[in-house]
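# Chains, contacts and geometry: an overview
What follows is each chain in one-letter form.
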Amino acid sequence: VRGLTVNSFTAVSLDPPRDTGWVVYSETLTKTTSVDISQLTKVCEAGGPGGPLTDRSNPVGVLAALYDAINRKDFARGYGYWESAPSGKTLAQWSAGYATTASVLVAVRPPLNTEGAAGSVYASLPSVLLSTDKDSSKHAFYGCYTTRRPNLPPGNDWKIYSGKLNNAPGNAASATLIPTITCP
């Protein structure tokens, strides 16, 4: 496992090191007294061409790709990141669940819990989500996603194995929820 920690946020890759061509160009950190994760939507300027996130080489990457697909209304792509039908729903049923969603912000607490079993690696991701509806109302959720990757090719990309989210107490989009989440 290798990782990079910057001001309590960690990027983790469970795969062998490889040169992706990406480097940290700059960083700007501002001290804040708020723990509202919705601040994350305002802190970075858009950069690059803004193409879809499709990286499934690590557990956080596949979760980011899922919510990128949802935010882009590319529900077929997002549905495809699940190992099996989420909650037993068809693509049409799953997509309909996002009919009033304008955007979703996801935050993950590192380090990830990983374990191997019967030819696969599983990773649990404690997560907080802030969903904004088209009418600007906000809804906060917290819980765990479990991702899975087979140990042998072909198909050794990470997939979302399961997810269990709860409504946040008082609909609070607070980063203080993150340390309280325990994943199996």
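These notes cover the structure that comes with them.

Rules of the game
- Here the residue numbering is sequential within each chain, running from 1 through the sequence in written order.
- Whole-chain, interface and lining totals are the exception, using all residues; otherwise, since this is a predicted model, local features are given only for residues with pLDDT of at least 70 and side-chain atom pairs are given and counted only at 80 or more.
- As a convention, hydrogens and water are excluded, and side-chain values are obtained from all of the structure's heavy atoms.
- In this analysis the probe radius is 1.4 Å and the grid spacing 1 Å, with only protein atoms considered; a cavity is a set of points the probe fits into but cannot get out of, a pocket is an open set with protein on both sides within 12 Å along at least five of seven lines, and lining residues have an atom within 4 Å of a point.
- Grid points are joined across faces, edges and corners, and a volume is the space filled by probe spheres set on the points.
- Strands are runs of DSSP state E lasting at least 2 residues, helices are runs of H or I lasting at least 4, and numbering of each runs from the N terminus.
- Ten residues, namely Ala, Val, Leu, Ile, Met, Phe, Trp, Tyr, Cys and Pro, are considered nonpolar, four, namely Asp, Glu, Lys and Arg, are considered charged, and the remaining ones, Gly among them, are considered polar.
- Whenever a pair of cysteine sulfur atoms sits within 2.5 Å, that pair is classed as a disulfide.
- Any residue under 20% of the maximum accessible area for its type is buried, any over 50% is exposed, and the rest in between are partly exposed; the area is computed with a 1.4 Å probe on protein chains only.
- A pair of strands is labelled paired if DSSP reports no fewer than 2 bridges between them.
- Each salt bridge in this description consists of a side-chain nitrogen of Lys or Arg and a carboxyl oxygen of Asp or Glu lying within 4 Å of one another.
- We call a set of buried Ala, Val, Leu, Ile, Met, Phe, Trp, Tyr and Cys residues a nonpolar core when their side-chain atoms join them within 4.5 Å.
- Only heavy atoms enter the contact rule, under which two residues are in contact if any of them lie within 4.5 Å.

A few words on the layout of surface pockets. Any empty space left between atoms is shown by rolling a water-sized probe over those atoms. Put simply, the second largest pocket is a space of about 600 Å³. What lines the second largest pocket is a set of 25 residues, and nearest its centre among them are Tyr67, Trp94, Tyr98, Tyr145 and Leu165. When contributions to the lining of the second largest pocket are tallied by element, the ones reaching two or more residues are α1 (59-71), β3 (101-108), β5 (120-133), β6 (138-150) and β7 (159-167). Counting residues per element, the lining of the second largest pocket draws most heavily on β7, at five residues. Each residue belonging to the lining of the second largest pocket can be placed in one class, and the counts come to 13 nonpolar, nine polar and three charged.

Let's shift gears to the state of the cysteines. The full count for this structure, using the stated rule, is one disulfide. There is a disulfide in this structure between Cys144 and Cys183, and the S-S distance comes to 1.9 Å. One quick way to see it: the torsion about the S-S bond of Cys144 and Cys183 is about -100 degrees, and its sign makes the bridge left-handed. Note that Cys144 is positioned in strand β6 and Cys183 in the segment after β7, a separation of 39 residues in sequence. No difference in accessibility class separates Cys144 from Cys183, as the two residues are buried.

Mapped onto the secondary structure, Ser57 falls in the loop between β2 (9-13) and α1. The buried category is assigned to Ser57, whose relative accessible area is 15%.

Judged from the five bridges that link them, strand β4 (residues 113-117) and β5 form a sheet pairing that is antiparallel. Across the sheet, the residue bridging to Glu115 is Tyr122, located in β5. As consecutive antiparallel partners, β4 and β5 are separated by two residues, and within that stretch Ala118 has a phi angle of approximately 45 degrees, a positive value.

Another aspect to go through is the pattern of salt bridges. One pass over the full model with this rule turns up five salt bridges. Its salt-bridge partner being Arg77, residue Asp68 comes within 2.9 Å of it at the nearest N-O pair. The pair Asp68 / Arg77 is uniform in exposure class, with both members buried. As a salt-bridge pair, Arg77 and Asp74 come within 3.1 Å of each other at their nearest N and O atoms.

Attention now moves to the nonpolar core. Among the nonpolar cores identified, the biggest contains 21 residues, and Leu66, Tyr67, Ile70, Tyr145 and Ile160 are the most heavily contacted of them. Looking at this core, the elements that each hand over two or more residues are α1 and β5. Among the elements that take part in this core, α1 stands out by supplying seven residues, more than any other. Not counting residues within four places of it along the chain, the set of residues in contact with Leu66 comprises Gly78, Tyr81, Trp82, Trp94 and Ile160.

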